[in-house]
Every structure is written in C-alpha cells, then in structure tokens.
Amino acid sequence: MTADHVFTALASPARRELLRLLLDEGAQPAGRLAERFDMSRPSVSEHLKVLKDAGLVTESRRGRERHYRLEAGPLMEIRDWLSPYERFWRERLAGLVTLLDEMEDDDAPLR
C-alpha cells in the first residue's frame, strides 16, 4: 500500500471516526460500527472497504458477521513521512518564541 492510499483513506471524517472507534473500543462487527453513523449500512461498508484497501483495518468473518480490527502499521509509515515536517515546525515555533521573548525584553522599562 502506498502513502497516497493511506492519505486518501484518512481524508474522510467518517473513515477517521471508524478508525477512532476501532482504536478506542477494539475489533467490532460491521453492524455495530454502522449503528454509530447517520448513514446507511452499505455506505459504512464502503468506508470500511477503503480502509481495508489502504491496509488500515483487517476483516475477519465470524459466522455471518464481518469483524474489523485496526492495523496501525500504515499510520507508522505516515508518521515517519511527516517527521521531518514536524521537526521543521518545532524549530520555527522555537524561533518565534525566542523572537517574542526578545521583543518583550526590548519593551521592558529601563530600571
């Protein structure tokens, strides 16, 4: 799976909510997940398919039910990809703090 597939899957608020539910509550049947949304069960199934295709969830059958479980591996790859940008912004914000501190010192009254 490519990072593009993962980003595409994460672009939908409904899919991000599905991932949050699986993270917080563990593996669940599709029907229980669908009950949490104000959309048709087939629509939720389509969102689950996108997540599955991106490698973010796995599906297993138990009788007639399909159970879904979070797979965090692709998210780790995205984290690794984003890491240099996080460092960039941390350095920029640290520079801003330094600048604001200097400006505050310049505005301080003379003693």
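Before reading further, recall that the structure is shown in the block above.
Counting of residues starts from 1 at the beginning of each chain's written sequence and follows it residue by residue. The model is predicted, so local features are restricted to residues of pLDDT at least 70 and side-chain atom pairs to those at 80 or more, both for listing and for counting; the totals for chains, interfaces and linings are taken over all residues. To obtain the side-chain values, all non-hydrogen atoms of the structure were used and water was disregarded.

A. Layout of the overall build of the protein chain. Numbering of helices and strands starts at the N terminus; helices are DSSP runs of H or I of at least 4 residues and strands are runs of E of at least 2. Along the backbone of the protein chain there are five helices and three strands. Helices (α) and strands (β) of the protein chain occur, in sequence order from the N terminus, as α-α-β-α-α-β-β-α. Here the globule rule is a power law, 2.2 Å times the number of residues to the power 0.38, and the radius of gyration is based on C-alpha atoms. Relative to the 2.2 N^0.38 estimate, which gives 13 Å for 111 residues, the radius of gyration of the protein chain is 22 Å and therefore markedly larger than a compact globule would have. Exposure is judged per residue with a 1.4 Å probe applied to protein chains only, and the accessible area is read against the type maximum: over 50% gives exposed, under 20% gives buried, and values in between give partly exposed. Residue burial in the protein chain is summarised as follows: out of 111 residues, 25% are buried. Only heavy atoms matter for contacts: two residues are in contact if any of them lie within 4.5 Å across the pair. Once local pairs closer than 6 in sequence are excluded, the contacts in the protein chain between residues at least 24 apart make up 50%. All accessible-area figures derive from a Shrake-Rupley calculation using a 1.4 Å probe, and residue coverage is judged against the displayed protein chains alone. Only carbon and sulfur atoms are counted for the fraction: they give 54% of the accessible area of the protein chain, which is about 8,200 Å². We count Lys and Arg on the positive side and Asp and Glu on the negative side, and we leave His and both chain ends out. One atom stands in for each charge, and that atom is NZ of Lys, CZ of Arg, CG of Asp or CD of Glu. Positive and negative side-chain charges of the protein chain, numbering 18 and 21 respectively, have mean locations separated by a distance of 12 Å.

B. Quick look at the packing of helix α2 (residues 13-25) against helix α4 (residues 41-53). At a closest axis distance of 10 Å, the pairing of α2 and α4 adopts a crossing angle of 75°. If you check the angle between α2 and α4, you find them roughly perpendicular. Note on element contacts: α4 touches α2 through V44, H47, L48, V50 and L51, opposite A14, R15, L18 and L19. Broken down by class, the residue content of the contact of α2 with α4 amounts to seven nonpolar, one polar and one charged. Only the stretch in contact is used when fitting a helix axis, every axis being a line fitted to C-alpha atoms; angles between N-to-C directions are given from 0 to 180 degrees. Orientation categories follow fixed angle ranges, with anything under 35 degrees roughly parallel, anything over 145 roughly antiparallel, 65 to 115 roughly perpendicular, and all other angles oblique. Only Asp, Glu, Lys and Arg are considered charged in this grouping, and only Ala, Val, Leu, Ile, Met, Phe, Trp, Tyr, Cys and Pro are considered nonpolar; every other residue, Gly among them, is considered polar.

C. Representation of the environment of D24 within the structure. Checked against the element boundaries, D24 lands in helix α2. Looking at D24, the relative accessible area reads 48%, which means it is partly exposed. The sequence separation of D24 and D105 amounts to 81 residues, and the corresponding C-alpha distance is 46 Å.

D. Just the sheet that holds strand β2 (residues 57-62), in detail. The antiparallel open sheet is built from three strands, whose spatial order is β1-β3-β2. Whereas interior strands pair on both sides, the edge strands pair on one side only; in this sheet they are β1 (28-29) and β2. Both β2 and strand β3 (residues 65-70) contribute to a ladder of six bridges, which runs antiparallel. For E59, the partnering residue across the bridge sits in β3 and is Y68. Along the sheet, α2 makes contact with β1, β2 and β3, crossing β3 at roughly 85°. For two strands to be treated as a pair, DSSP must find at least two bridges joining them.

E. Representation of α4. Here α4 is 13 residues long and its end C-alpha atoms lie 18 Å apart, about the 18 Å a rise of 1.5 Å per residue gives. Buried residues along α4 sit in contact with α1 (3-10), α2, α3 (30-34), β2 and β3. Expected helix span is computed as 1.5 Å times (number of residues minus one).

F. Inspection of the nonpolar core at higher detail. In terms of nonpolar packing, the biggest core is built from 20 residues, with L18, L33, L48, L51, L56 and Y68 touching the most fellow members. For this core, the secondary structure elements donating two or more residues are α1, α2, α3 and α4. Sorting elements by how many residues they give to this core places α2 first, with five residues. Beyond its immediate sequence surroundings of up to four residues, L33 is in contact with L18, L21, L22, Q28, L48 and Y68. Put simply, buried Ala, Val, Leu, Ile, Met, Phe, Trp, Tyr and Cys residues joined by side-chain atoms within 4.5 Å make one nonpolar core.

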